[in-house]
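Chain by chain, the residues:
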Amino acid sequence: MKFKSENNTLIIFLEGRIDSASADAAGAEIEKIISENGHSDVIFDMDSLEYISSAGLRVILRTRKAEPTLKITNASAEVYEILDMTGFTEMLPVEKAMRKLCVDGCDIIGKGAKGTVYRYNGDTIVKVYKSVDNLEDIQNERRFAKRAFVLGIPTAISYDIVKVGDKFGSVFELLDAKSYSEMITSDEANKDKYIIEYAALLKKIHETEVSPDDMPDIKITIDKWLEAAKPYLPEENFKKLSLLVENVPDTTNMLHCDYHTNNVMYQDGETLLIDMDTLSHGHPIFELANVYITYVGFGEEDPSIVENFLGMPYETAKYIWAKFIREYLGTEDNAVIENAEKKIMLLNYLRLLRHKVRRMTREEAEASAIVNTCISKIDELLKAVDTLEF
């Protein structure tokens, strides 16, 4: 019988069948493993358990009497039904095994900081998380999505958590849905219509007030941008930039923080938002900087970065930004737009600087053209910006 220890938790892997013929031997081995290995908690992992009889259930019962915190994970549907029918699911924590999916050959319809979204079939999409240990992130995303839905945001809510290789995934039912990136590129004549709808949804999100306890403060993220940029900025510029961020009002506007046309879906005439793990609260200026960097900022070094991410020409991406910001601000006044864009671009270069230096040594960063462009642009824009409010 295999076992391992993690963070003072002893995990014992039950395999095959535990019935009248094998229960005594299984019980004896479990007792031996538990007695010889120090622990605070015990978990029975049933991922490879095919069947358990009443004799096997008595083994579990004896173990639970000796180990009150005993927990069962990865119970198959068949084993879970036995545990449920016999009342074991009311006596101790029992988790069903996750379905296993393979996304090999599936189309990628979006990528984010924490995962990749695949079209699994005509009915469903699957978001596969990059980390192998992020169930907490998945649960947070489901909680954020549920809260946004309750507050009136048209949100696709995950109905299942699955295993994809050694990673976790969230499954969403989106019948024949298309991303707004697909809609814009496949229906060029109506792209303005889609951009207007796209802008309207973000305004609706930003007009929605949330409790600070529901979602994290966006300034926590912005402080990380500042921290990473500090070694590369003149002290005077860093102090002014930090003060500008500090002076932005601490509002409770809902922010998506990964808002781009891959994450907005169109289904049966309805717009749906996906990829909710980055939901936060705060001032919309920080969201707009994230939108700008997606369509324009990342492409300043290499247009193919934007093209590969969004699946459209860089010129189309820049057009989306230009149309979007006018719709969002509700004006065609170039002076108003330019004033807002200076503030947005300042934060864009701060984020872009952080994005680059995180992946470089100090020597590489100092020699990097895009890093030096960010430093120069921040200096230039700080001379023209006295507040980030708009």
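Residues numbered from 1 in each chain as written. Predicted model: local features only at pLDDT ≥ 70, side-chain atom pairs only at ≥ 80, totals over all residues. Heavy atoms only, no water.

The next thing to look at is the packing of aromatic side chains. Under the defined criterion, the tally for this structure stands at 8 aromatic pairs. Measuring from ring centre to ring centre gives 6.0 Å for Y180 and Y194, while their planes differ by 80 degrees; the resulting arrangement is edge-to-face. Of this pair, Y180 sits in helix α6 (residues 180-186) while Y194 sits in helix α7 (residues 191-206), and the two are 14 residues apart along the sequence. On the basis of relative accessibility, which here comes to 0%, the residue Y180 falls in the buried class. Ring centres of Y180 and Y266 lie 6.1 Å apart, and the angle between their planes is 65 degrees; this geometry places the pair in the edge-to-face category. Of this pair, Y180 sits in helix α6 while Y266 sits in strand β14 (residues 264-267), placing them 86 residues apart in sequence. Taken together through their ring pairs, the aromatic side chains of Y198, Y259, Y292, Y295, W321, F324 and Y328 make up a single cluster. (Phe/Tyr/Trp six-rings, centres within 6.5 Å; stacked < 30°, edge-to-face > 60°. Helix = DSSP H or I, 4+ residues; strand = E, 2+ residues; numbered from the N terminus. Buried < 20%, exposed > 50% of the residue type's maximum accessible area, 1.4 Å probe, protein only.)

The next point concerns the sheet that holds strand β4 (residues 71-75). Reading across the sheet, the 5 strands line up as β1-β2-β3-β4-β5 and stay open at both edges, with mixed pairing between neighbours. Where the open sheet ends on each side, the last strands, each with one partner, are β1 (2-6) and β5 (94-96). The sheet shows a mean angle of 20 degrees between the axes of neighbouring strands, taken without regard to direction. Strand contacts of helix α2 (residues 54-66): β2 (9-18), β3 (41-52) and β4, with the helix running at about 175 degrees to β3, the strand carrying the most contacts. Each of β3, β4 and β5 is contacted by helix α3 (residues 77-85), which is oriented at about 115 degrees to β3, the strand it contacts most. (Pairing = 2+ DSSP bridges. Axes fitted to C-alpha atoms, helices over the stretch in contact; angles between N-to-C directions. Contact = heavy atoms within 4.5 Å.)

With 14 residues, helix α15 (residues 369-382) extends 20 Å from end C-alpha to end C-alpha; this agrees with the ideal 20 Å at 1.5 Å per step. For α15, the set of buried residues is I370, V371, C374, I375, I378, L381 and L382. Viewed along the axis of α15, the buried residues span an arc of 145 degrees, placing them on a single side of the element. Looking at the buried side of α15, the elements it contacts are α9 (235-246), α13 (334-357) and α14 (362-367). (Expected span 1.5 Å × (residues − 1). Arc of directions from axis to C-beta.)

Put simply, the chain has an average pLDDT of 92, and 99% of its residues get 70 or more. Taken element by element, the chain is modelled with least confidence in strand β7 (residues 107-111), mean pLDDT 80, and with most confidence in helix α12 (residues 314-329), mean pLDDT 98. (pLDDT = per-residue confidence, 0-100.)

The next point concerns the packing of helix α8 (residues 218-229) against α9. Between α8 and α9, the least distance of the axes is 11 Å, while the angle of their chain directions is 175 degrees. The angle between α8 and α9 places the two elements in the roughly antiparallel class. Facing K219, I222 and L226 of α8, the residues of α9 in contact are F238, L241, S242, V245 and E246. Split into classes, the residues belonging to the contact of α8 with α9 amount to 5 nonpolar, 1 polar and 2 charged. (Parallel < 35°, antiparallel > 145°, perpendicular 65-115°, else oblique. Nonpolar A, V, L, I, M, F, W, Y, C, P; charged D, E, K, R; others polar.)

What follows covers the nonpolar core. Among the nonpolar cores identified, the biggest contains 76 residues, and Y259, Y295, W321, F324, L346 and L353 are the most heavily contacted of them. Looking at this core, the element that brings in the most residues is α13, giving 9 residues. In this structure, F324 is in contact with I195, Y198, A199, L202, L288 and V291, ignoring residues within four places of it in sequence. (Core = buried A, V, L, I, M, F, W, Y, C linked by side-chain atoms within 4.5 Å.)

Further remarks concern the environment of D386. Here D386 is to be found in the segment after α15. Leaving out residues up to four positions away in the same chain, D386 has contacts with K240 and L244.

The strand order β12-β14-β15 describes an open sheet built from 3 strands, whose pairing is antiparallel. One side of each edge strand has no neighbouring strand; the edge strands of this open sheet are β12 (178-179) and β15 (270-273).

The next point concerns the layout of surface pockets. The space that makes up the second largest pocket amounts to roughly 1,000 Å³. Lining of the second largest pocket is provided by 24 residues; of these, D45, T73, N74, L135 and F168 occupy positions nearest its centre. Considered class by class, the residues forming the lining of the second largest pocket number 9 nonpolar, 5 polar and 10 charged. (1 Å grid on protein atoms, 1.4 Å probe; cavity = no way out; pocket = protein on both sides within 12 Å on 5 of 7 lines; lining within 4 Å. Points joined across faces, edges and corners; volume = space filled by probe spheres on them.)

A few words now on the environment of M276. Position of M276 relative to the elements: it lies in the loop between β15 and β16 (280-281). A relative accessible area of 1% places M276 in the buried class. For the pair formed by M276 and I157, sequence separation is 119 residues and the distance between their alpha carbons is 9.1 Å. Residues within four places of M276 in sequence aside, it is in contact with E141, F144, A145, A148, T155 and H256.

Unusually for a residue other than glycine, N74 sits at a positive phi of about 60 degrees. Turning to its location among the elements, N74 is positioned in strand β4. Positive phi values are uncommon outside glycine, yet D275 reaches one of about 60 degrees. Within the element layout of this structure, D275 appears in the loop between β15 and β16.

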